[in-house]
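Chain residues, written in single-letter form:
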Amino acid sequence: MRVHIKRFSLDDEIKQESVTYELEAKEQTLLAILQEIKSTQDSSLSFTSSCRSSVCGSCAMRVNGVEVLACAYKPKDGDVVEPLKNMPVIRDLVVDMDKALTCNTKAAAFSSKNSKNIALSPDDEKVNELQSDCILCGSCYSACPVYESNENFIGPFALTRSWRYVSDKREQDVDQKIEAIQKDGIWDCTLCNECVPVCPQGIAPKQDIMMLRSKSGVMGHIDPNMFGGGLDFGTPTF
Amino acid sequence: MGKLQYALFTGCTAKESTPEQLMSTYAVAKKLDIEIIELTEASCCGASHLQDYDDFLSLVLNARNIAYAEKHNMTMITICNTCQLNTAMTKHRLDSDAELKARVNKKLAEVNPDLQYKGTSEIKHFLYAIIDDFGLDKLKSLVTTPLSQFNIAPFYGCHNLRPSELQAGDNPYVPTSLDDLIIACGGANVEYEEKNKCCGFHVELQAPHTAAVLTGNALMGAIDQNADWMVTPCPLCHLKLDTQADHAGKAVGRELEIPVLHMQQMVGLALGCSKEELGLKHHVTDVNFV
């Protein structure tokens, strides 16, 4: 079985080459194959991984143009493996996630210091249980066409996490969190759904963005760019 | 096979902004002997924007539209990807939540006591009605003007592909339906990276630069792979790719000129419909090859 890996190096100058590795065909994950290549064929091959069980999110990469977790994907003969898109490549399949991760701060996607210390019922937990499962693997940022064309866009996982906290009944600073995602945030999403099928956790960031838009509308926000921000939809009476 | 009959949900765009798409839908249906009953009572689907302001109202509106198709006891066909997504999503939510369905029906009864959402009508885009119900082999046998001299780039449009559980069966990563339709019409399908990407329509007003770059990327992808023209099943994608080509060209720093046809216009051309029947004069980028 052959696997083609697009390798990148920043040692001297930016270099990119596709290297083909021959391996014995057997039922195993892409991560196992990468580890085999590293230990038996080429120790310089670089990639990140940790848990090997789709929990940590550190081995996200692209196979034939589609984002996958290497520890969950079973490769086929002829697969082309490359790093995530829309992030600087450090080496081979290792990318710099810092910018995407700082979007969480920009979106205020965290629990506020003064959040209420009250017990949640099982129903309360269900509200954002799925969103809490995000493993920050970066697949949605790699697939997002808006993040690709607007470097300031807050991006899918940060907005999913924003909804996770905005929808939490313990949260006290909902106003600030909603304010934080108005510019370069929820209204810039094209609703294309690219982030949905690539999520290994089955989260639908686009749906969370729709929920945040709805919440923003209810709180009196309108799209800051639309018609110069001067359009008043009025108060719905239905 | 008996005569195919569908209830057509036109959506707003085909009525107001892309009348040539509606004309060509009827022209193609006539050629294929498909009976269409237009749901004249139907309203807007919410266009993925009403949902932001009132989710329940959008469910009621879409349930109301579907209920009219159910009254005819017919499958509902859509000719807009966003209408397709919103109606399919409404159906999915109401069919899987009896309590929500009851709430929606209670609201519907206030509007019209005879109107009830039952969940009996299927909803599919006209593209899939042609492929799945009519059949590509049969379509092929009716082609009188094969489009054999053209390289045609398919542009699928997001809302017919994702989320895949609501859609007709195309693989969101490797869709083939529109490619298959092009081949059935005698054309050569063009492979390019952007064929299943976003056109940017839904941020046209909010983030014009992003929207223009996405449109530009799609047009460049098709042009660079030697497409003679593009084809799309979605009138919203068509609005971006056709009317905004000049603006998109400025955003990506390159002149971009390529005719973009509606899926129905392409099929109509292959079936021998006239230029007038297909409304080919309505395009911003001239359809200069007919």
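Residues numbered from 1 in each chain as written. Chains lettered and ligands numbered in written order. Predicted model: local features only at pLDDT ≥ 70, side-chain atom pairs only at ≥ 80, totals over all residues. Heavy atoms only, no water.

**Thoughts on the overall build of chain B**
The helix and strand tally for chain B stands at 13 helices and eight strands. What you see for chain B is a C-alpha radius of gyration of 19 Å, in line with the 19 Å of a compact globule of 290 residues. Oriented by its inertia axes, the alpha-carbon framework of chain B measures out at about 55 × 45 × 30 Å. Put simply, chain B has 290 residues, and 60% of those count as buried. At a minimum sequence separation of 6, the contacts of chain B that also span at least 24 residues come to 78%. With an accessible surface of roughly 11200 Å², chain B has 49% of that area assigned to carbon and sulfur atoms. Between the averaged position of the 24 positive side-chain charges in chain B and that of its 36 negative side-chain charges there is a distance of 5 Å. (Helix = DSSP H or I, 4+ residues; strand = E, 2+ residues; numbered from the N terminus. Rg over C-alpha atoms; globule rule 2.2 N^0.38 Å. Buried < 20%, exposed > 50% of the residue type's maximum accessible area, 1.4 Å probe, protein only. Contact = heavy atoms within 4.5 Å. Areas by Shrake-Rupley, 256 points an atom, 1.4 Å probe, with all protein chains shown as cover. Lys, Arg positive; Asp, Glu negative; His and termini not counted. Charge placed at Lys NZ, Arg CZ, Asp CG, Glu CD.)

**What about the pattern of salt bridges?**
Residue and element names in this part refer to chain A. Under the criterion given, the structure shown has 28 salt bridges over all chains. With a closest N to O distance of 3.3 Å, K74 and E27 form a salt bridge. Of this pair, K74 sits in the loop between β4 (66-69) and β5 (79-82) while E27 sits in the loop between β2 (15-22) and α1 (30-40), and the two are 47 residues apart along the sequence. The class of E27 is exposed, set by a relative accessible area of 68%. D124 is the salt-bridge partner of K169, the closest N and O atoms lying 3.0 Å from each other. (Salt bridge = Lys/Arg side-chain N within 4 Å of Asp/Glu carboxyl O.)

**What to know about the domain arrangement of chain A**
Much of the literature gives interface size as the accessible area that the parts lose upon coming together. All names here are of chain A. Each domain of chain A was delimited in the assignment, giving domain 1 (2-95) and domain 2 (98-218). If you look at the interface, domain 1 gives 12 residues, while domain 2 gives 14 residues. Considering only the side of domain 1, the residues that lose the most area to domain 2 are E67, N86 and M87, jointly responsible for 51% of the buried surface there. K85 serves as the salt-bridge partner of E148, at 3.8 Å between the closest nitrogen and oxygen. For the interface between domain 1 and domain 2, the tally reads five residue pairs in polar contact (both at pLDDT 80 or more). Those elements that provide at least two residues to the side of domain 1 that touches domain 2 are β3 (60-63) and β4. Grouping the amino acids of the side of domain 1 that touches domain 2 by side-chain chemistry returns six nonpolar, three polar and three charged. (Domains from an automatic or database assignment. Buried area = accessible area lost by both parts, 1.4 Å probe. Polar contact = N/O pair within 3.5 Å; in protein donor to acceptor, adjacent residues only side chain to side chain. Nonpolar A, V, L, I, M, F, W, Y, C, P; charged D, E, K, R; others polar.)

**Some details on the side chain of R7 of chain A**
All names here are of chain A. Looking at where R7 falls in the secondary structure, it is placed in strand β1 (residues 2-9). Of the residues examined, R7 reaches a relative accessible area of 8% and is grouped as buried. Side chain to side chain, R7 and S44 meet in a polar contact 3.0 Å long. For R7, the side chain forms a polar contact with the side chain of D92, separated by 2.9 Å. With residues up to four places along the chain from it excluded, the contact list for R7 reads K15, Q16, E17, V19, Y21, D42, S44, L45, R91 and D92.

**Quick word on the interface of chain A and chain B**
Chain A puts 30 residues into the contact, and the matching count from chain B is 27 residues. In this assembly, chain A packs against chain B so that about 2600 Å² is buried in total across both faces, 61% of it on carbon and sulfur atoms. Remark: the boundary between chain A and chain B carries three salt bridges. Notably, a salt bridge pairs K197 of chain B with E194 of chain A, separated by 3.9 Å at the nearest N-O pair. Linking chain A with chain B are seven residue pairs in polar contact (both at pLDDT 80 or more). Element by element, the count of residues in the side of chain A that touches chain B is highest for helix α9 (residues 205-218) of chain A, at six residues.

**Some thoughts on the side chain of T75 of chain B**
Summarising the element assignment, T75 of chain B is placed in strand β3 (residues 75-78). Setting aside anything within four residues of it in sequence, one finds T75 of chain B in contact with Y6, A7, E122 and K124 of chain B.

**Here's the deal with the nonpolar core**
Membership of the largest hydrophobic core comes to 60 residues, with the highest contact counts inside it found for I5, L34 and Y141 of chain A. A domain-level breakdown of this core finds at least three residues from each of domain 1 (2-95) and domain 2 (98-218) of chain A. For I5 of chain A, the contacting residues outside a window of four places in its chain are E17, S18, V19, Y21, L34, I37, L45, V81 and L93 of chain A. Counting residues in hydrophobic clusters, the runner-up holds 46 residues, among them F126, L161, I182 and L278 of chain B. (Core = buried A, V, L, I, M, F, W, Y, C linked by side-chain atoms within 4.5 Å.)

**Quick notes on the environment of T144 of chain B**
Residues and elements named next belong to chain B. With respect to the secondary-structure elements, T144 resides in the loop between α8 (136-142) and β5 (151-154). Note on T144: relative accessible area 55%, which makes it exposed. Along the sequence, T144 and L236 sit 92 residues apart, while their C-alpha atoms lie 29 Å from each other. Within the structure, T144 has its side chain in polar contact with the backbone nitrogen of G272 (distance 3.4 Å).

**A short note on the sheet that holds strand β2 (residues 35-38) of chain B**
Residues and elements named next belong to chain B. Reading across the sheet, the four strands line up as β2-β1-β3-β4 and stay open at both edges, with parallel pairing between neighbours. Looking at the sheet topology across the chains shown, the edges are occupied by β2 and β4 (123-125). This sheet shows a mean twist of 40° between the axes of neighbouring strands, independent of strand direction. Pairing between β3 and β4: three bridges, direction parallel. Residue I77 lies in a different strand from β4, and its bridge partner there is K124. (Pairing = 2+ DSSP bridges. Axes fitted to C-alpha atoms, helices over the stretch in contact; angles between N-to-C directions.)

**A closer look at unusual backbone geometry**
With an omega of -5°, the peptide bond between R162 of chain B and P163 of chain B qualifies as cis. Residue position: P163 of chain B is located in the loop between β5 and α9 (177-184). Even without a glycine there, the phi angle at R52 of chain A is positive, about 65°. Relative to the assigned elements, R52 of chain A resides in the loop between α1 and β3.

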